Amino acid sequence: MKKQYKLGVIGCGFIGETILKGAVLSDFLRGKKIIVSDISEENLDKADELGVHVTTDNKFVAENSEFLLLAVKPCDFAGVVDSLQGYRPDKVISVILGVKKNTIKNALGVGLIKVARCALNLPCTIGSGAIGLDMTDFNKSNDDTDFIYSLFSQLGTIVSVDESKIDAVTALSVNGPASVIMFIDSLIEAGVKQGLPRSEAKILAVQTVLGSAEMVQREENTVSELLSLACRGGTGIEAVKTLEERGLRQIVCDTVEACASRAKELYDK
């Protein structure tokens, strides 16, 4: 039987709202085809402003939606399962960090439940995110995979991965913006110390990072070749030399590893 809503969302906090905005504001889905539940009236008010249906009844959302999107914190997952009162959805999309597909299936009643997992990062809020997406459970249905892929493509660039790589995506891309933002802030501070007004230093630092990233993305040259180009003239060599001496590469690897280890500690609790 055809469900009343194409997409049901449980949890409309920061991530849930980001996904809703991507779907509705891009005209990928009309608001009347989406229903959202949350315990927060403030969150529901924000969802209501997007023209979607809102409720506090998680079970109603699950029963009446073709796809059920779980967008709650890991610590709230058990409560969501209880609120469904034994109802078993057919198609589940989860953006809950650290909660694996088998955990979701076992909690909801196993059976023929299909689960997709997605890892989003902060730039998704402006449509420039890096997204890891596992849809292997849905591979036999092009319509389903097209829908899920399109839902998240409004938010940024998608890399389709097996679930075994989702934790690595989380360590690299979900936590990566903190490191990049800190690096940009350091460039700004360095520019200020060299005598630039902060406003000008910010413009130059941000565009330097954007332009450099675009050069790497175009793949017209290897990273090694780009480094050589950037070092022409001599001054760039001093930058690379200093970064190598201070162990930048190892610092970055340690940062990603630390994120992965901390995530594992949290999710294993």
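What counts as what
Residues numbered from 1 in each chain as written. Predicted model: local features only at pLDDT ≥ 70, side-chain atom pairs only at ≥ 80, totals over all residues. Heavy atoms only, no water. Helix = DSSP H or I, 4+ residues; strand = E, 2+ residues; numbered from the N terminus. Buried < 20%, exposed > 50% of the residue type's maximum accessible area, 1.4 Å probe, protein only. Contact = heavy atoms within 4.5 Å. Axes fitted to C-alpha atoms, helices over the stretch in contact; angles between N-to-C directions. Parallel < 35°, antiparallel > 145°, perpendicular 65-115°, else oblique. Left-handed = near helix turned anticlockwise from the far one by under 90°. Nonpolar A, V, L, I, M, F, W, Y, C, P; charged D, E, K, R; others polar. Phe/Tyr/Trp six-rings, centres within 6.5 Å; stacked < 30°, edge-to-face > 60°. Lys NZ or Arg CZ within 6 Å of the ring centre and 35° of its normal. Expected span 1.5 Å × (residues − 1). Patch = residues over 30% accessible without salt bridge, like charges linked within 9 Å, V, L, I, M, F, W, Y side chains within 5 Å. Areas by Shrake-Rupley, 256 points an atom, 1.4 Å probe, with all protein chains shown as cover. Salt bridge = Lys/Arg side-chain N within 4 Å of Asp/Glu carboxyl O.

## Details of the environment of G236
Tracing the chain through its elements places G236 in helix α11 (residues 235–245). The buried category is assigned to G236, whose relative accessible area is 15%. Along the sequence, G236 and E41 sit 195 residues apart, while their C-alpha atoms lie 53 Å from each other. Apart from the residues lying within four places of it in its own chain, the contact partners of G236 are A230 and C231.

## Focus: the packing of helix α8 (residues 176–193) against helix α9 (residues 198–218)
Where α8 contacts α9, the axes come no closer than 8 Å and their chain directions differ by 135°. As judged from the angle between their axes, α8 and α9 are oblique. The element α8 and its partner α9 pack so that their crossing is right-handed. In this structure, α8 uses F183, I184, L187, I188, E189, G191 and V192 to contact α9, whose residues at the interface are R198, A201, K202, A205, V206 and V209. Tallied by class, residues from the contact of α8 with α9 come to nine nonpolar, one polar and three charged.

## What about the packing of aromatic side chains?
A full pass over the atoms with the stated rule returns three aromatic pairs. Measuring from ring centre to ring centre gives 4.5 Å for F67 and F147, while their planes differ by 25°; the resulting arrangement is stacked. Here F67, found in strand β4 (residues 65–70), pairs with F147, found in helix α6 (residues 142–153); they are 80 residues apart in sequence, far enough to count as distant. F67 sits in the buried class, given a relative accessible area of 0%. One aromatic cluster in this structure is built from F28, F67, F138 and F147. Across from the ring centre of F147, 5.1 Å away, lies the NZ or CZ of K6, which sits over that ring.

## Let's talk about α8
Residues three or four positions apart in an α-helix share a direction because the helix packs 3.6 residues into each turn. Its 18 residues place the ends of α8 26 Å apart at the C-alpha level, agreeing with the 26 Å of an ideal helix rising 1.5 Å per residue. In this structure, the buried side of α8 is in contact with α7 (166–174) and α9. Looking one or two residues past α8, G195 carries a phi angle of roughly 105°, positive in sign.

## Observations regarding the environment of T145
Along the polypeptide, T145 turns up in helix α6. Put simply, T145 and M135 are 10 residues apart on the chain and 6.7 Å apart in space, counted from C-alpha to C-alpha. If sequence neighbours within four positions are ignored, T145 has contacts with M135, F138 and N139.

## What about a nonpolar patch on the surface?
There is a patch of nonpolar side chains on the surface, built from F14, L122 and I181 and spanning about 300 Å² of accessible area. As for its position among the elements, I181 is in helix α8.

Purely spatial values, then, with no claim about function.
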